[in-house]
Every structure is written in C-alpha cells, then in structure tokens.
Amino acid sequence: MLAALRRDASLSAIAAGFLAVLISYAGPLVIVFQAAQAAQVSPEMTTSWVWAISVGAGLSGIVLSLWLKAPVITAWSAPGTALLITLFPGLSLNEAVGAYLTAAVLIGLIGLSGSFDRLMRHLPPAIASGMLAGILFQFGARAFKAVEAAPVLGLGMLAGYLVFKRLWPRYHVVAVLALGLMLTAALGQWPERALTWQVTVPQFIAPAWSWASTLSLALPLVLVSLSGQFLPGMAILRAAGYATPARPILGVTSLGAVLTAPFGGITTVLAAITAALCTGREAHADPSRRYVAGVANGVFYLLAGSLGGSLIALFLALPPALVAVLAGLALLRAIGANLTALVQDAAHREAGLITFLATASGLNFLGLASAFWGVVFGGAAYVLLRPARA
C-alpha cells in the first residue's frame, strides 16, 4: 500500500489536499470558536474540540481514500456547529457529547441499511448538477468580490491564475497559492505571531443523555448532516466519475465521530465544497491517482489538529481575501462542468435551473440549508415538468 501511495503521489494532489484543509480552517473553524465562546469553555477545551474534529476528519479521510481508491474528503458538520451557538450555555457539554454520540449511531445505521445508497441512485443528473453548481457558485463569486477588500492581492492572484493556467496548467493552483503568499508578505499582511510547537492535550468529556438534547441537537444533526453534507458530497464524487457506495463512507465517518465525540468532536461528515477541490483534474489528470489528495488532506488535518492552537491561529490569520480568491479559482472547472451538464440535459433543464437558483440563493429555512431545499424544489419541478412517456 505504501509503495503504491509513493508511486501515485504528486505535488498537485498534495497541494489540493492542503488547500482543502486551509479553506476548512479559514472558514468553518470560526464557527467552532463562536460555539466555544457561547459555551464559555476554557482555551484548553476549545483546543481539544479542534483536535477532535481534525482527528475525526483526518483519520476517516485517510482510511476511506486508501480503501476506496477515491479522493474521499471528510470534515466536521459546520451547520451542526452553528446550531450549538443557539443551544449553549443552556445545554451542558456532557449533554452535547451525548447528542453527538446519538447522531453518529443514527447516521451509521442509515448508512449500513443501504437506504442512502438507494436515494443517490434515484437522484436525477440534472438535479445533482444544479445542486453542485449552486453550492460552488457562491465560492466562485466570492473570488471576485474579494477584490473590493484587497484589490492588490485579489487582482494579482487573478492575473497570476491566467498566466499560470497558460504556462503550467497542471500546477496552476499551486502557483497561485505561492503567489498569494508572496503578495501577502510583500503587502505586510503576513501573521507576525510566532508559532509555538505545542502538542494538543485532549480533554475528556463524559457523555450524558436527555430528551431535550436528543430532540434539539441529535436529530437536527442527523438531518443537516445527511441533507447538507453527505448528499452533496456523494453527488460531487459521482459527478467526478467515482461510483463509490455511501455505505462504507457513512459507516467509517460515524465510527470516527463516536471515537472523537468524548473529546468535543461533533459529527464527522463527507465534505462538499472542499471535496470539489480534490476530485477534479487540478488534483491530477489521472482519476485513479487523485485518492492521494484525500490521503494528503487527512494527514494535514492530523498535523494541524495535533499541533493545536498555534498552527490553527496561523491559518486564521491569513487574509480572508487570499482564501476566498484561491477557493473560487480552484473551483472554476467544477462550476463549469456542472453548469454544462445542467444545460445539456434538455429534458430536465428547467428542473436543474430551479435547483441551481434555490441552492445558490443561500436559503436557510426551518434550519435546513439551501442544498436541501434546492433538491426539494428541483425534485418537485422534475416530477411535474418531466416529459410524458409515450
């Protein structure tokens, strides 16, 4: 296995895995800190939370990528973490951990039953393409919106993208990242805080169960994880040509969530946005070698989580414009591929467009993300508007 991994490894795949971690820490990780502030926990406990979600995502991603030979990118439930902000401090840490465990077991049972695989088989291609394009569209738009806040950095990276895409198409994303870091240093925006290499010490939290925590946290966690993370994440894998079943993915991520929950790790899920960075040609021209990006992603998660707050603080201190531009440019190919697939499906184009618009709107209704509502509205249009059978 190690020999095959060394043979298949490439700079572009490793860079894609690193970029996915960078975007995860520079974005959704802020929600974790907000939840920790709402819970009024110590810095040591907050660091333990970050360690737990990083280890859960890292280990499950490495195992699944090596096992399935596909770039399986995992993460933690960002919508579930946002839900915590509204529940703390009324909910105790012990009850939260109990809810994490309940949600992980329920998701694992759903995955092992095969019901989620059946759902994926019946998802129309136009609906899947519209949902994916809608999810990724917001990140593409933010790449250009970032020019307002940081014109030199943003315009420099955009110009660099065009040049590097022309000269070094395989490594253009790596080159844009290097250019962004150099521009950040030249503009005096490089983080001045020195890194202190200190290994994280996990903090154990004994679980406790209550009906209130089950109904207010565990069940919503299951719903938002399946609809907002696993559904689009599986669609991204299928769109990239990977016929990976959902059963092992839900099973392994649920096991990882059970192991890390007592240390503050919320539900481990299949990534959606960052997965698109590792499943396309930017990771590698050969789809059979892109699994290295999933392994690299997991390794970077383990390193960042184990080194605790100092390295994570560095990620958070990078200019938001750098991360926004980098993410948007890296996702351009994925956005274009899904829009093309949507438009070419003439029979169901309107249902796909409705899915795209609803998803891209950012609608959050009844606690459910826009990806879920995009599938609901697009699915209704698909049923009502599909051509009658002869």
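Peer 1: So what's going on with the overall build of the protein chain? Residues and values would help.
Peer 2: Helix and strand content of the protein chain: 19 helices and two strands. Taking 390 residues into account, the globule formula puts the C-alpha radius of gyration at 21 Å, and the protein chain, at 20 Å, falls close to it. In terms of overall dimensions, the protein chain has C-alpha extents of about 60 × 55 × 45 Å along its principal axes. Of all 390 residues assigned to the protein chain, the portion counted as buried reaches 55%. Partitioning the intrachain contacts of the protein chain with sequence separation of at least 6 by distance along the chain shows that 83% fall at a separation of at least 24. Of the charged side chains in the protein chain, 20 are positive and 10 negative, and the gap between their average positions amounts to 11 Å.

Peer 1: Can you break down helix 4 (residues 43-68) residue by residue, with the values?
Peer 2: Over its 26 residues, helix 4 extends 37 Å from the first C-alpha to the last, a length consistent with the 38 Å expected when each residue adds 1.5 Å. Among the 26 residues that make up helix 4, 19 are buried, leaving the element largely enclosed by the rest of the structure. Positioned one or two residues after helix 4, lysine 69 has a phi angle of 55°, which is positive.

Peer 1: Any chance you could break down the packing of helix 6 (residues 93-113) against helix 12 (residues 246-260) for me, citing the residues and the numbers?
Peer 2: Helix 12 packs onto helix 6 with a crossing angle of 165° between their chain directions and a minimal axis gap of 8 Å. Here helix 12 runs roughly antiparallel to helix 6, going by the angle between their axes. Read as a crossing pair, helix 6 and helix 12 show a hand that is left-handed. The segment helix 6 lies against helix 12, with Leu101, Ala104, Ile107, Gly108, Gly111, Leu112 and Ser113 engaging Arg247, Leu250, Ser254, Ala257 and Val258. Tallied by class, residues from the contact of helix 6 with helix 12 come to seven nonpolar, four polar and one charged.

Peer 1: Help me get a handle on a nonpolar patch on the surface, residues and values and all.
Peer 2: Judged by side-chain polarity, Val105, Leu106, Leu109, Trp211, Leu215, Leu219 and Val258 come together as a nonpolar surface patch covering roughly 680 Å² of accessible area. Put simply, the parts of the chain that give the nonpolar patch at least two residues each are helix 6 and helix 11 (211-239).

Peer 1: Can you lay out the nonpolar core for me, pointing to particular residues and giving the numbers?
Peer 2: Membership of the largest hydrophobic core comes to 114 residues, with the highest contact counts inside it found for Trp49, Phe116 and Phe230. In terms of residue count, the dominant contributor to this core is helix 11 (eleven residues). Residues in contact with tryptophan 49, not counting those within four places in the same chain, are Val32, Ala35, Ala36, Ala39, Val41, Phe88, Leu93, Ile205, Phe263 and Gly264.

Peer 1: Any details on helix 19 (residues 370-385)? Residues and values, ideally.
Peer 2: Compared with an ideal rise of 1.5 Å per residue, which puts 16 residues at 22 Å, helix 19 spans 22 Å between its outermost C-alpha atoms and is within 8% of the ideal. Three or more residues of helix 19 are buried, namely Ser370, Ala371, Trp373, Gly374, Val375, Gly378 and Ala381. Where helix 19 is buried, its residues contact helix 8 (125-149), helix 11 and helix 18 (349-360).

Peer 1: So what about unusual backbone geometry? Which residues, and what values?
Peer 2: Unlike most non-glycine residues, glutamine 40 shows phi in positive territory, near 60°. With respect to the helices and strands, glutamine 40 occurs in the loop between helix 3 (29-39) and helix 4. On the accessibility criterion, glutamine 40 (64% relative accessible area) is exposed.

Peer 1: Go over the packing of aromatic side chains with me, naming the residues and quoting the values.
Peer 2: For the structure on display, the rule yields seven aromatic pairs. Residues tryptophan 76 and tyrosine 301 carry aromatic rings whose centres are separated by 6.1 Å and whose planes lie at 70° to one another, so their mutual orientation is edge-to-face. One end of the pair, tryptophan 76, is in strand 1 (residues 74-76); the other, tyrosine 301, is in helix 14 (residues 291-306), and 225 residues separate them in sequence. The two residues tryptophan 76 and tyrosine 301 agree in class, both being buried. An aromatic cluster is built from Trp51, Phe204 and Phe263, whose rings are joined through pairwise contacts. Positioned above the aromatic ring of tyrosine 291, the side-chain terminus of lysine 69 is 5.1 Å from the ring centre.

Cut-off values and rules
- Residues numbered from 1 in each chain as written.
- Predicted model: local features only at pLDDT ≥ 70, side-chain atom pairs only at ≥ 80, totals over all residues.
- Heavy atoms only, no water.
- Helix = DSSP H or I, 4+ residues; strand = E, 2+ residues; numbered from the N terminus.
- Rg over C-alpha atoms; globule rule 2.2 N^0.38 Å.
- Buried < 20%, exposed > 50% of the residue type's maximum accessible area, 1.4 Å probe, protein only.
- Contact = heavy atoms within 4.5 Å.
- Lys, Arg positive; Asp, Glu negative; His and termini not counted.
- Charge placed at Lys NZ, Arg CZ, Asp CG, Glu CD.
- Expected span 1.5 Å × (residues − 1).
- Axes fitted to C-alpha atoms, helices over the stretch in contact; angles between N-to-C directions.
- Parallel < 35°, antiparallel > 145°, perpendicular 65-115°, else oblique.
- Left-handed = near helix turned anticlockwise from the far one by under 90°.
- Nonpolar A, V, L, I, M, F, W, Y, C, P; charged D, E, K, R; others polar.
- Patch = residues over 30% accessible without salt bridge, like charges linked within 9 Å, V, L, I, M, F, W, Y side chains within 5 Å.
- Areas by Shrake-Rupley, 256 points an atom, 1.4 Å probe, with all protein chains shown as cover.
- Salt bridge = Lys/Arg side-chain N within 4 Å of Asp/Glu carboxyl O.
- Core = buried A, V, L, I, M, F, W, Y, C linked by side-chain atoms within 4.5 Å.
- Phe/Tyr/Trp six-rings, centres within 6.5 Å; stacked < 30°, edge-to-face > 60°.
- Lys NZ or Arg CZ within 6 Å of the ring centre and 35° of its normal.

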